[in-house]
Amino acid sequence: MSKAKEHIDSESNFPPSGETKRGTPPRLAEKLLLWCLKDELAEEVLGDLDEKFYSTAEKHSTRKAKRNYWYQVINYLRPFAFKTLRVKSLTTNIMIGHFLKISWRTLQRNKAFSSIKIVGFAIGIAACLLIALFIQHELSYDKHYEKQDQIYRLANQYTDANDLGRWTNMQGPFKPVIEDHIPEIELVARTVFWKWADVGENHIRRAESKNNIFETGFFYSDPEILQILEIPMVYGDQKTALSAPNSLVISKSKADKFFPGENPVGKQMILNDRTFAPYTIGGVMEDLSNSTHLEGDFIMTLAEREFGPGTSGWCCMNYTFYLRTTPGADKAAIEKKLVDIRDTYVMDDLAKAGTTDLEEIKKYRSYFLQPIENVYLNPEEIGDYQKHGPIELVWIFGAIAIVILILACLNFINLSTAKSIKRAKEIGLRKVVGSYRSSLVRQLLVESIFYSTLSVFLGLIIASIALQAFNQLAEKSLTIPWFSYWFLPLLLFIGIIIGFISGIYPALYLSRFSPIQALRGKADTKSKTSLIRNGMVVFQFTATIILIIGSMVLHKQFNHYMNQSLGYEKDQVINILGIGSILPKDRDILKEELLRIPSVESATIGDYLPVSGGRTTNASFWVDGKKGIEQGFEAATWRVDEDYLQTMGMEILQGRNITDQTRDTASIVINETMLKEFGLEDPIGARVVDMFDAKYTIVGVVKDFYFESLAGTVRPLAMQRGKGNSTLSVKVNTENFAQAIAGITATWNKIKPNQPIRYTFMNDRFRQMYDSLLRAKSIFIIFSVLSVVVACLGLFALSAFIIEQRSKEISVRKVLGANISRIFTLLTTDFIKLVLIAILIAIPIGWYLTRKILEDMANRITPSWSLFGVAALIALVIALFTISFESIRAARVNPAQKLRSE
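Here the structure is a predicted model, which is why all the values come from computation and not from measurement.

### As for the packing of helix α23 (residues 807-815) against helix α24 (residues 820-854)
Following both chains from N to C, one finds α23 and α24 inclined at 150°, their axes separated by 11 Å at the closest point. By the angle between their axes, α23 is roughly antiparallel relative to α24. In this structure, α23 meets α24 at a crossing whose hand is right-handed. Contacts between α23 and α24 involve Glu809, Ile810, Arg813 and Lys814 on the former and, on the latter, Ile823, Leu826 and Leu827. Tallied by class, residues from the contact of α23 with α24 come to four nonpolar, no polar and three charged.

This is the structure:
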């Protein structure tokens, strides 16, 4: 026993017997000092410390003495601790460097197998990275405001026992009521996004120019919108830029286009050749961010502007409201106040406007404040006229990314254990020369993290190469944040975490081999771990089959949309756009001139089209005499001329078309759905009334046709006599199509020489209605294919592992006369069983998920069981093809090579 230790164990020497009441030095500190210092030094130091301890305890207190004792011990140990840490850090770095060298040499010895492992993992990482960029972009909308928690969009809310509906349309006079009675609301702005007047697209020019230029992105708003949505200004002031009547705010890119190098504030622009009503530029705003739901380059003021007779009062809901509340305002309290002021101050105005369902409004209607960051993804499902990102798609793609990442990790595990017999001898030899299992686990984990990190950065390269194609497919402008300080460290961290998670099982599995058995080449690789590996493959193919089923259902649903009978003809119709800049009398002349072209069969002037970009208006209707007694219903209302039905190829079931302009000013043609809503047995000649108290006579009934999304039902529709001011549609004979286009262009140039003709094909505009679905389908299929590739790599890994285990058995069978086909059948049977189990699990899950996906679609397909059978057959073929490579190779090996060691 050392003298220092004797010093600790024998406390009788210190202190003198009369001083034991003052306590003893802290035993833990003494042991710590003894552990770190040499005996001869420790004895001397401990003696000095003890003497100092008892002296301090006598003069002051035991607590202070112990505190000083610890302080002295820490001072003695600090240089030792730093030296120890440096030594340990150096040792760790040396060991990690050694492990990395081993990993690199292992990679070089097994180039093909390691490449499969790394590339397979990289494909999964690249897919996950692209999906992560997409999801991050979708979730980033409208989250850049300084007063984020104070900005809302106002919506009506209808709630009863059977229904919940929300929509943004509000009455215009509600704005001053809110401003006067709810002090918690700082700012209110009305906006108009729906297809009305000049909203959407127009021809515009500088006042002094003669040539019109087509532009999109026009909408109306009150001046407060610039402050509420914190739109930065390049020229002009947020508070005053839209305050003057007929003022306009344009984006910086448009200012540079129309007024290069100039400050355009105060200058005038002409819309659609209306020189009598020029717009004055009140300001120039920065281009709107691509991460905001608001789209547009031209904001037209609502100052002293209302939309036509009868639309400025309480009768009509034409506006979308944006609000900014005071800091800390309670959302629920404001919603309650909105209901209170409506019931107190608005009900009389609603009654004067002809609203008859006042009791129902009081009972079921309320208001909802939607946070600004929710507008784009719209999880509350609020009806509006704006572009949205489907939140379901975000969750589906997120789930696909997780599945692909799991599949990639499982592949990594299987590929790591597939060469276990070859690694077993290496592990056994290391154990014989003294390596601990913990050291082997660290080595294998470093190897796993090495491969994983390589895969992550290779996946980053693959993702950067594929990003442009992905952006085109998804219609996004996603970028990889190369220069963000967090990006590369985050990728490195992800590589380490994934490598650790993916490598922990192979590390524990390989490091448990018995060294004696391993060196004999008989490592125990047959255990319950085979059940785990088989379970991994079953999971991989289950997920893959589900994705195959989803891809096939989406493809079939989309084809159903594209090939369905719509109730009108879209293939022969050309839409000539921008006729709003032509005087009304010249529009009629243009139509007459076009009809003289031999290949033109008919033409109609109308903005209401059953395709993307068509104008939309709505009104409530009753059978005459029932208004105020029965509940009305809402219907789409269109203005069409006498040639509309013929040009669009719509079928009249009862009555006649609208023909004479004078005779049919109060006549309407309705569709079948509207007839059902009226409940009329003999509709022809029946009188109906709308929400404005205008009375109409039904003169015809047309067969239902789809004028909105095919995923919904056909709504009631009423068509009355009138003309549009932006679109002229022409039905042509497709046999002389080129001649028709040339004749139409020449005729336009005679009527409107200062404005280039613009036209689209109705068939293309129809497809635009389903672009988002087409993109979603394509992306879904691409990632499903990637999951199939990743799953095949997993199956390849398992086949390589099992075949390597059974290599000597195969050789013995060949020696005994088994042919290649027999051995191939023997090796593939177990794998096919795994795939069949995956099919049995995947089909019911796929059936349930496809039902959930399709249940909200009114015009949906019913997936047949043959579809699931095809998906199962595809999975079997893929699996068989994957297994065949290793199986045939094993069956063709010379048995002498494997039996030589026996």
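The discussion continues.
### Some remarks on the nonpolar core
In this structure, Phe541, Tyr568, Trp638, Tyr644, Phe705, Met719 and Phe766 are the most contacted members of the largest nonpolar core, which totals 62 residues. The element that contributes the greatest number of residues to this core is helix α16 (residues 529-563), accounting for 11 residues. Grouped together as the second largest cluster of nonpolar side chains are 48 residues, Cys128, Tyr141, Ala401 and Ile779 included.

### A word on the environment of Ile135
Structurally, the position occupied by Ile135 is in helix α5 (residues 111-139). Sequence separation between Ile135 and Leu393 is 258 residues, and the spatial gap between their C-alpha atoms is 9.1 Å. If we ignore the near neighbours within four places in the chain, the residues touching Ile135 are Val394, Phe397 and Gly398.

### Describing the packing of α24 against helix α25 (residues 865-892)
Contact pair α24 / α25: the axes reach a minimum separation of 8 Å and the direction vectors enclose 155°. Here α24 is positioned roughly antiparallel relative to α25, judged by the angle of their axes. Between α24 and α25 lies a crossing whose hand is right-handed. Residue composition of the contact of α24 with α25, by class: 22 nonpolar, five polar and one charged.

### Digging into the environment of Tyr385
As for its placement among the helices and strands, Tyr385 is situated in the loop between β12 (365-371) and α11 (391-418). Overall, Tyr385 belongs to the partly exposed group, its relative accessible area being 33%. In this structure the C-alpha to C-alpha distance between Tyr385 and Trp194, which are 191 residues apart in sequence, comes to 5.5 Å. What Tyr385 contacts, discounting residues up to four positions off in sequence, is Asn169, Phe193, Trp194, Thr616 and Asn618.

### As for the confidence of the model for the protein chain
For the protein chain, per-residue confidence averages 83 on the pLDDT scale, and 88% of positions sit at 70 or higher. Across residues 8-21, confidence stays below pLDDT 50; counting only partners more than four residues off in sequence or on other chains, it has 10 contacts.

Rules used throughout
Residues numbered from 1 in each chain as written. Predicted model: local features only at pLDDT ≥ 70, side-chain atom pairs only at ≥ 80, totals over all residues. Heavy atoms only, no water. Axes fitted to C-alpha atoms, helices over the stretch in contact; angles between N-to-C directions. Helix = DSSP H or I, 4+ residues; strand = E, 2+ residues; numbered from the N terminus. Parallel < 35°, antiparallel > 145°, perpendicular 65-115°, else oblique. Left-handed = near helix turned anticlockwise from the far one by under 90°. Contact = heavy atoms within 4.5 Å. Nonpolar A, V, L, I, M, F, W, Y, C, P; charged D, E, K, R; others polar. Core = buried A, V, L, I, M, F, W, Y, C linked by side-chain atoms within 4.5 Å. Buried < 20%, exposed > 50% of the residue type's maximum accessible area, 1.4 Å probe, protein only. pLDDT = per-residue confidence, 0-100.

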